[in-house]
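As a plain string of letters, each chain reads:
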Amino acid sequence: MRFKKLLTSVLVACALLTASCTSQKQEPHQFEVGNKTFLLDGKPFIIKAAEMHYTRIPAEYWEHRIQMCKALGMNTICIYAFWNIHEQRPGEFNFKGQNDIAEFCRLAQKNGMYIMLRPGPYVCSEWEMGGLPWWLLKKKDIQLRTNDAYFLERTKIYMNEIGKQLADLQAPRGGNIIMVQVENEYGGYAVDKEYIANIRDIVREAGFTDVPLFQCDWSSTFQLNGLDDLLWTINFGTGANIDAQFKALKEARPETPLMCSEFWSGWFDHWGRKHETRDAETMVAGMRDMLDRNISFSLYMAHGGTTFGHWGGANCPPYSAMCSSYDYDAPISEAGWATPKYHKLREMLMQYADSGQVIPDVPQPYPLIEIPAIQFEETARLFDNLPEVKESEDIKPMEEFDQGWGTILYRTKLPDVKEGTVLLIDEVHDWAQVYADGKLLGRLDRRRGENSLTLPALKAGTQLDILVEAMGRVNFDYAIHDRKGITEKVELRTDDNRTTLKGWQVYSFPTDAVFAARKEFHKGGKTDGPAYYRASFELKETGDVFLDMQTWGKGMVWVNGKAIGRFWEIGPQQTLYMPGCWLKKGKNEIVVLDLLGPDKAEVKGLTQPILDMLRTEEPLTHRKEGESLNLKGEKPVATGKMAAGNGWQEVKFARPVKGSYFCLEALDAQDGKETASIAELYLLDENGKTLSRQNWQIDYADSESTSWGNYTADKVYDLQESTYWSTTRGAGYPHALVINLKGEYAISGFRYLPRAEENAPGAIKSYKVYVKEEPFVK
Ligand code: GLA
Ligand code: CA
C-alpha cells in the first residue's frame, strides 16, 4: 500500500516535470510574409511542413511522430483543429488528454518544430462532417459555412476556446505557431468574401493577431474568395505541374512568397474502392522541384495515422465513406514506421537542410506483438438489447433524437401489404437492413443509390424494422448537410396508391464504448444477425498490433473502452491498427458490434496491416462483360478539338439540347498515345451554369484502370481535381463515357479538366458529344 502511494507520488512528480518541461516558454520569434519569401526573425525562411493530426495519433505517441517528422528533415508541423472532437455537446469543451492540442504544439516546440495551425471551423480532412459538430444539423434550416447567424455564433464560441488554448503559443509570444489558416478551400464550396471576412475576424478576435493569416485553395479557385489582407497558398498533389499550379497566383500577386499548403503525398481510402497509393519518386521530385524554386510546402500527410472510432467522413457524389485507416500512403505509415517513401524523401531533404538545422537519426518504431486468435464466446443480439424507446409520429433523422453517431432502429406496424408493393425509404443514410416480424427482407446501401425494396404479401400488424447504420458524415461540398438515419419519409407504393408510414418507435445505438459494453451477454459464440460480441484476452507484453477482421461482416470495434474503428468485409482495409499504448499487461477486453454477422467470431493480432484487400461483390468498373457502346446512327450534338495543356476548358454547343444521358466520345489524344483521362467534367445548363452532379451515375465507360489505383469513371464527378478517370494500358482510342443524369436537362455545353500533371497525360484532342433522352445502346 505504502509502496503504491510512493509510486503514485513519483509518477505525479514525473508528470509535473514533463508538463513544466513542455510548457516552458521560449524566445519570441517574428514570422512575416516578406517579398517573395517568408521571413523568420527577418531572415528568409522556407517552410517545410509535415502535416499530421493529433486526433489520429494516440497522445502517448505524439512525440514519437513529431520526432519522425523532424528526422525526415522538416522544420514545421501542420495541424488542423477539429471542432467536433472538442465540442461534442454544445458548450461542453474538452481539451484534455487526447484532445490536448496545446500540449501537442508544446511537444513540437520542445522538439524544435514550428506549427502551422488550421483551426477551421471547417477542415474537410476526410473527417466526420469536415470537423463540424453534428448538432449544428439540429437547426433544420442551417446553412453551414455561410453567414447563417447561428453558424457564425457557434463558430465564434468554438474559435474563442481555441484561442484560449493556443493564442499564447504564437511565435511572437514565445510559442511556435507561425501561421494560422482561415477556413479551408472555400473556393471549392461557394463564392462569399463576406463570409471569409467574418471567419478572418473571428480568428483574429480569438487572439490570433501576431502571425500571418492565410487562405488555402486550388489554383482554379483561389481568386474566388481571396481577401486582400490574407496570404494565399495553393493545394495540389504528387505529380502536378508546379508551374501551372502557381501561374495564376504569380500573376495576381507577383511579390507573394509561394507555398503549396497541401502537397498530397498519397490519398485516402474509401470502403469498397481500390487502395490508393502515389509514387514515391514522383512525390520527392515534386518537392525537390519546389525547394529548388524556394517554394514552401506542407506535405499532406507526412503521417496520416488512424481515424479512430466513428470519426471518418465520406465523399459525395457518389456517397462513399472513408476507411478507418488514414495511412494515406504517407511517408510515415499508419503505425509510425519509416517507409521506403520516407527514406527517399529524407535523403532529398538532407540536401536542403536549413543552415543550422540538425536532422536527427530516425527514431525506432514502437515494438510489435502478435495475438493468437481470440475466441468470442459471449454474444448480445442487438434486437434482444433494445435501449429506451422514443416515440415519433413521423420519421425523423437521428439528430432529432439527439443521437450523433451509430445505428438507429425505426419500428412500426404495417397495414395489409399486397405482394409487389414497394417500400420506399427516402433517404437511407447510410446502410439499412429491413425486417418484417424479425425476418430480413433486404439491405439498402446509399453508396449505390438504393432506396426501395419490393415487399412480399404481409398481414396487417406485421412489425416493420428498419435498422440504419450511419457511416461517416460527408466532409466535402454542400453534401456536408448530411443528416443520418432516415431523413425524409418511408412510403408504401403500389400503382395507384402511396401511403406514408407513421407511428414510429425509435431506438438509438450510439458508438460510445460504455453503451457497447453494457449489454446482456450470453455464452454462445456466433449468432445470426446484428449482435455485440465480447471477449477478453491476456497479454504478457503490450505492443502495437493489427486486429484481423477478415472473418467479420460490418461494424465497429472497441478495446479497453477505446473505440478503435470500423470494419467492413468488402475492404480494402481488413485490419485495424491497435496501438500498444492502449493495451494492458494482463487482462484486456474487446467488444465487436457486427451488423451483418461474422463467418467466424475470432480476432487475431497480426504484425502487418492489410489495407489492400478488396472483396466487393460488384465490379468497380462500368462496363459489363461483352458490352460495347453502339453509336452507329447516333448524331453528335457537338464535335471539335480540345486545347492542349493543363487547366479548365469550356465547350459551348450551337444551341441547348435536352436529354437524360450524356456521352463523350474521345477520338484521339493530345500526345497521340492510347490513354484517355479526365479529372473533372461539368455539364452546363441553358444559362451556362453548371448542373448538379449529385445524382449522376456512370452508365458506361469503355475502359477503366483499377489494377494499381483507383481510376474509375466516377472520378470525373467526385469534385476532386486531383483524381481522374483513366483508361487501361493496351486499350486504344476511341474511348467513351456515358453519364446517366438521372433526370432530363437542357444542356448547353460542358467544362472539362484534364489531369494536373505536366503535359496533362491522357488529355483528349478530338471529341464527339451525344445527348439522348433514352439510354444508349450497348
Ligand atoms: C483537401 C482538404 C484536406 C483533405 C485533402 C484530401 O485538400 O483541404 O483537408 O481533405 O483535400 O485528402
Ligand atoms: Ca476528379
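Because the structure is a prediction, the values reported are computed rather than measured. (Residues numbered from 1 in each chain as written. Chains lettered and ligands numbered in written order. Predicted model: local features only at pLDDT ≥ 70, side-chain atom pairs only at ≥ 80, totals over all residues. Heavy atoms only, no water.)

Undergrad: In this structure, what is going on with the coordination of the calcium ion (ligand 2)? I would like to understand it.
TA: Four donors placed tetrahedrally around a metal ideally meet at 109.5 degrees, and six donors placed octahedrally ideally meet at 90 or 180 degrees. Protein ligation of the calcium ion (ligand 2) involves A679 (O), E680 (OE), K715 (O), D718 (OD), Q720 (O), T723 (O) and T723 (OG1), the donor distances falling in the range 2.3 to 2.6 Å. Take Q720: its relative accessible area is 5%, and that puts it in the buried class. (Donors = N, O, S within 2.8 Å, 3.2 Å for Na, K, Ca; no water. Buried < 20%, exposed > 50% of the residue type's maximum accessible area, 1.4 Å probe, protein only.)

Undergrad: Got a minute to help me understand the domain arrangement of the protein in this structure?
TA: Taken as a whole, the protein is organised into domain 1 (2-352), domain 2 (371-380 + 519-606), domain 3 (388-509) and domain 4 (638-772). One C-alpha centre belongs to domain 2, the other to domain 4, and the line joining them spans 44 Å. (Domains from an automatic or database assignment.)

Undergrad: What's the story with the environment of E419 in this structure? I'm lost.
TA: Looking at where E419 falls in the secondary structure, it is placed in the loop between β17 (407-413) and β18 (422-429). Once the C-alpha coordinates of E419 and L166 are considered, the two residues, 253 residues apart in sequence, prove to be 62 Å apart. Each residue touching E419, except ones within four places of it in the same chain, is listed here: L455, P456 and A457. (Helix = DSSP H or I, 4+ residues; strand = E, 2+ residues; numbered from the N terminus. Contact = heavy atoms within 4.5 Å.)

Undergrad: So what exactly am I meant to see when it comes to helix α7 (residues 242-252) here?
TA: Three or four residues apart is the spacing at which side chains of an α-helix point the same way, because the helix has 3.6 residues per turn. Listed as buried for α7 are I242, Q245, F246 and L249. Taken down its axis, α7 places every buried residue within 80 degrees of arc, on the same side. Opposite the buried face of α7, by more than 90 degrees, sit the exposed residues K247 and E251. In this fold, the buried residues of α7 make contact with β9 (231-237), β10 (259-264) and α8 (280-292). (Arc of directions from axis to C-beta.)

Undergrad: Just to check I follow, could you spell out the site of ligand 1 for this structure?
TA: Near ligand 1 there are 15 residues, and of these Y80, E126, E185, E262 and Y328 occur at the shortest range. Here an oxygen atom of ligand 1 sits 2.6 Å away from a polar atom, N or O, in the side chain of Y328. Surface burial for ligand 1 is 100%, taken as the share of its 310 Å² of free accessible area covered by protein chains. Because more than half of its atoms lie within 2 Å of the grid, ligand 1 is assigned to the largest cavity. Within the shell around ligand 1, the residues separate by chemical class into nine nonpolar, three polar and three charged. (Near = heavy atom within 4 Å. Polar contact = N/O pair within 3.5 Å; in protein donor to acceptor, adjacent residues only side chain to side chain. Areas by Shrake-Rupley, 256 points an atom, 1.4 Å probe, with all protein chains shown as cover. 1 Å grid on protein atoms, 1.4 Å probe; cavity = no way out; pocket = protein on both sides within 12 Å on 5 of 7 lines; lining within 4 Å. Sits in = over half its atoms within 2 Å of the grid points. Nonpolar A, V, L, I, M, F, W, Y, C, P; charged D, E, K, R; others polar.)

Undergrad: I tried to follow the packing of helix α5 (residues 149-166) against helix α6 (residues 193-205) on my own but got confused; where do I start?
TA: Think of two packed helices as two axes; the pair is described by the angle between the axes and how far apart they sit. Running from amino to carboxyl end, α5 crosses α6 at an angle of 30 degrees, the nearest separation of the two axes being 9 Å. With respect to α6, the axis of α5 lies roughly parallel. Handedness of the crossing formed by α5 with α6: right-handed. Counting all contacts with α5, which are made through F151, L152, T155, K156, M159 and N160, the residues of α6 involved are Y195, N198, I199, I202, V203 and E205. Among the residues forming the contact of α5 with α6, the class breakdown is seven nonpolar, three polar and two charged. (Axes fitted to C-alpha atoms, helices over the stretch in contact; angles between N-to-C directions. Parallel < 35°, antiparallel > 145°, perpendicular 65-115°, else oblique. Left-handed = near helix turned anticlockwise from the far one by under 90°.)

Undergrad: For this particular structure, what's the right way to read the pairing of strand β11 (residues 296-300)?
TA: In the case of a regular strand, side chains alternate between the two sheet surfaces. The element β11 is extensively covered by neighbouring structure, given that five of its five residues are classed as buried. Side chains of β11 alternate between two faces, with S296, S298 and Y300 and F297 and L299 buried alike. Of the pairings in the sheet, the one linking strand β4 (residues 48-51) to β11 comprises three bridges and is parallel in character. The residue of β11 that forms the bridge with A49 is S298. As paired elements, β10 and β11 share four bridges and run parallel to each other. Paired with C260 across the bridge in β11 is F297. In terms of handedness, the path from β10 via α8 over to β11 forms a crossover that is right-handed. (Pairing = 2+ DSSP bridges. Right-handed = clockwise from strand over helix to strand, strands pointing away.)

Undergrad: I would appreciate a short explanation of the sheet that holds strand β28 (residues 545-548) in the present structure.
TA: Where strands meet in a sheet, backbone hydrogen bonds hold them as pairs that are either parallel or antiparallel. Pairing is antiparallel in the open sheet, where four strands are placed in the order β14-β33-β28-β31. The open sheet has two edge strands, β14 (371-375) and β31 (575-578), and neither has a second partner. On average, each strand axis in the sheet is inclined to that of its neighbour by 25 degrees, with strand direction left out of account. Here β28 pairs with strand β33 (residues 602-606) via three bridges, running antiparallel.

Undergrad: I'm lost on the layout of surface pockets in this one. Help?
TA: To locate leftover empty space, one rolls a probe as large as a water molecule over the atoms. Each pocket or cavity is described by its volume, and for the largest pocket that value is around 1,700 Å³. Residue lining of the largest pocket: 50 residues in total, with Y319, R446, R447, R448 and G449 positioned closest to the centre. Among the elements of the structure, β18, β23 (485-494) and β38 (697-701) are those that each provide at least two residues to the lining of the largest pocket. The biggest single contributor to the lining of the largest pocket is β18, with five residues. Tallied by class, the residues present in the lining of the largest pocket amount to 15 nonpolar, 14 polar and 21 charged. In this structure, the second largest pocket encloses a volume near 820 Å³. For the second largest pocket, the lining is made up of 32 residues, of which I85, Q88, H310, W311 and A563 are closest to its centre. Counting only elements with at least two residues in the lining of the second largest pocket, the list comes to α3 (83-86) and β30 (562-568). Along the lines of polarity and charge, the residues of the lining of the second largest pocket split into twelve nonpolar, 13 polar and seven charged. (Points joined across faces, edges and corners; volume = space filled by probe spheres on them.)

Undergrad: Would you mind going over the sheet that holds β23 with me for this structure?
TA: In spatial order, the strands read β21-β18-β23-β24; together these four strands make up an open sheet with antiparallel pairing. With partners counted over all chains shown, the strands left at the sheet margins are β21 (452-454) and β24 (497-500), one partner each. Geometrically, the sheet is characterised by an average inter-axis angle of 25 degrees between neighbouring strands, direction not taken into account. As paired elements, β18 and β21 share three bridges and run antiparallel to each other. By the bridge assignment for β21, L423 is matched with L453.

Undergrad: Is there a simple way to explain the environment of I178 in this structure?
TA: Along the polypeptide, I178 turns up in strand β7 (residues 177-181). I178 sits in the buried class, given a relative accessible area of 0%. Distance in space between the C-alpha atoms of I178 and L40 is 8.9 Å, their sequence separation being 138 residues. Look past the residues within four positions of I178 in its chain and what remains in contact with it is F31, F45, I47, T76, Y114, I115, A171, V211 and P212.

Undergrad: Honestly, the packing of aromatic side chains in this entry has me stumped. Any pointers?
TA: Aromatic ring pairs are described here by two measures, namely the spacing of the ring centres and the angle between the planes. Following the criterion strictly, the structure yields 48 aromatic pairs and no others. With a centroid separation of 6.3 Å and 90 degrees between ring planes, the pair formed by F31 and F45 is classed as edge-to-face. Taken together, the positions of F31 in strand β1 (residues 31-33) and F45 in strand β3 (residues 43-45) put the pair 14 residues apart, joining distant regions of the chain. F45 shares its class with F31; the two are buried. Measuring from ring centre to ring centre gives 5.8 Å for W648 and Y682, while their planes differ by 45 degrees; the resulting arrangement is tilted. With W648 in the loop between β34 (638-641) and β35 (649-666) and Y682 in strand β37 (residues 680-684), this pair connects stretches of sequence that are 34 residues apart. Taking relative accessible area as the criterion, Y682 reaches 18% and is therefore assigned buried. One residue, R145, lies across the ring of Y122, its end atom 3.5 Å from the ring centre. (Phe/Tyr/Trp six-rings, centres within 6.5 Å; stacked < 30°, edge-to-face > 60°. Lys NZ or Arg CZ within 6 Å of the ring centre and 35° of its normal.)

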